[in-house]
Amino acid sequence: MADKNMVIFGVRPVIEALEAGRELERIFVRKGSDSPVMQRLTSLASERGVDVAYVPVEKLDRMVRGNHQGVAAIMSMIDYASLDDVIERAGSDAIVVLLDGVTDVRNFGAIARSAECAGADAVVVSAKNGAQVNSEAVKSSAGALNVLPVCRVGSVRNAIRQLKNEGFKIVAATEKSDTPLWAGDLKGRVAIVMGSEDKGISKESLKLCDQQLAIPLKGEISSLNVSVAAGILIFEVIRQRG
């Protein structure tokens, strides 16, 4: 659940926040709401790249105390960066980490912490199926989310295509590969793709990757936590660069 002081509610306050360019994590709208003013709200949200979730009124009642008018929004704790700006500033040895469906805020924070410690240029998350930047995520990141650029995109696959067009090697971390991570070529501009906690990288995203690398496991458990796997792969990039 979001922090109470991060939630705004009511149709007009949420519209005003969108019009003012405030960073919102997600908007919750009561199922069945289709009035003209609510249509304007959802249209503005689409233009701003903010995900809208249609929920039962009971969820809204639990989120806020007061007349929510069928809508509530979670404010972001950070200002999101533009992927275009990140690419424009990126050097020849840039590192970008893309999260394809990572939803657990603690994993998200831990990945951001490893990325920042490695000097990565940015973390890219999905607006619709990505973890929120809330207080727990910031705490798990040890504050890294306050300094590391985070790009929120409508489509991770489109972000992969954009990075690929800009000379980034797209590297997938997947246990389905027979190639160990140290056999990959991780020099130059690298974009690391990490998949969701339960399903891994989507098939569509995986097809766009230039390299698919696995972390060899010797124990009985068949997979690593995504934040641990991300840290290993990120620092393998650093190791290969000497």
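Residues numbered from 1 in each chain as written. Predicted model: local features only at pLDDT ≥ 70, side-chain atom pairs only at ≥ 80, totals over all residues. Heavy atoms only, no water.

1. Considering the state of the cysteines
Thinking step 1. Overall, the coordinates contain zero disulfides when judged by the stated rule.
Thinking step 2. Free cysteine Cys117: the closest other cysteine sulfur is in Cys151, separated by 19 Å.
Thinking step 3. This cysteine, Cys151, is not joined by any disulfide, and Cys209 carries the nearest cysteine sulfur, 17 Å off.
Thinking step 4. Of the residues examined, Cys151 reaches a relative accessible area of 0% and is grouped as buried. (Disulfide = S-S within 2.5 Å. Buried < 20%, exposed > 50% of the residue type's maximum accessible area, 1.4 Å probe, protein only.)

2. Details of the confidence of the model for the protein chain
Thinking step 1. Model confidence for the protein chain is summarised by a mean pLDDT of 92, while 98% of its residues fall at 70 or above.
Thinking step 2. Element-level pLDDT for the protein chain is lowest in helix α6 (residues 135-140), with a mean of 91, against a maximum mean of 98 in strand β5 (residues 95-100). (pLDDT = per-residue confidence, 0-100. Helix = DSSP H or I, 4+ residues; strand = E, 2+ residues; numbered from the N terminus.)

3. Examining the side chain of Thr174
Thinking step 1. Tracing the sequence through the fold places Thr174 in the loop between β8 (169-173) and β9 (190-195).
Thinking step 2. Sequence-distant contacts of Thr174, defined by excluding residues within four places in its chain, comprise Leu206, Gln212, Leu213 and Ala214. (Contact = heavy atoms within 4.5 Å.)

4. As for the sheet that holds strand β4 (residues 71-75)
Thinking step 1. Pairing in this open sheet of four strands is mixed, and the strands run β1-β4-β2-β3 from one edge to the other. Across the chains shown, the open sheet's two edge strands, defined by having one partner strand only, are β1 (7-9) and β3 (51-55). The mean angle between the axes of side-by-side strands here comes to 25°, regardless of whether they run parallel or antiparallel.
Thinking step 2. Along the sheet face, helix α1 (residues 11-19) touches β1, β2 (24-30) and β4 and points at about 120° away from the line of β1.
Thinking step 3. With respect to the sheet, helix α2 (residues 36-48) is in contact with β2, β3 and β4, its orientation differing from that of β2 by roughly 155°. (Pairing = 2+ DSSP bridges. Axes fitted to C-alpha atoms, helices over the stretch in contact; angles between N-to-C directions.)

5. Some thoughts on the layout of surface pockets
Here the idea is plain: a probe the size of a water molecule rolls over the atoms and shows the empty space left.
Thinking step 1. Empty space within the largest pocket amounts to approximately 470 Å³.
Thinking step 2. In this structure, the largest pocket is lined by 24 residues; those nearest its centre are Ala173, Thr174, Glu175, Ser223 and Leu224.
Thinking step 3. For the lining of the largest pocket, the elements supplying multiple residues, two or more each, are β9 and α9 (226-240).
Thinking step 4. Taken together, the residues that form the lining of the largest pocket break down as 11 nonpolar, eight polar and five charged.
Thinking step 5. Taken as a whole, the second largest pocket spans an internal volume of roughly 270 Å³.
Thinking step 6. Lining the second largest pocket are 18 residues, and of these Asp100, Gly101, Ser126, Asn129 and Arg157 lie nearest its centre. (1 Å grid on protein atoms, 1.4 Å probe; cavity = no way out; pocket = protein on both sides within 12 Å on 5 of 7 lines; lining within 4 Å. Points joined across faces, edges and corners; volume = space filled by probe spheres on them. Nonpolar A, V, L, I, M, F, W, Y, C, P; charged D, E, K, R; others polar.)

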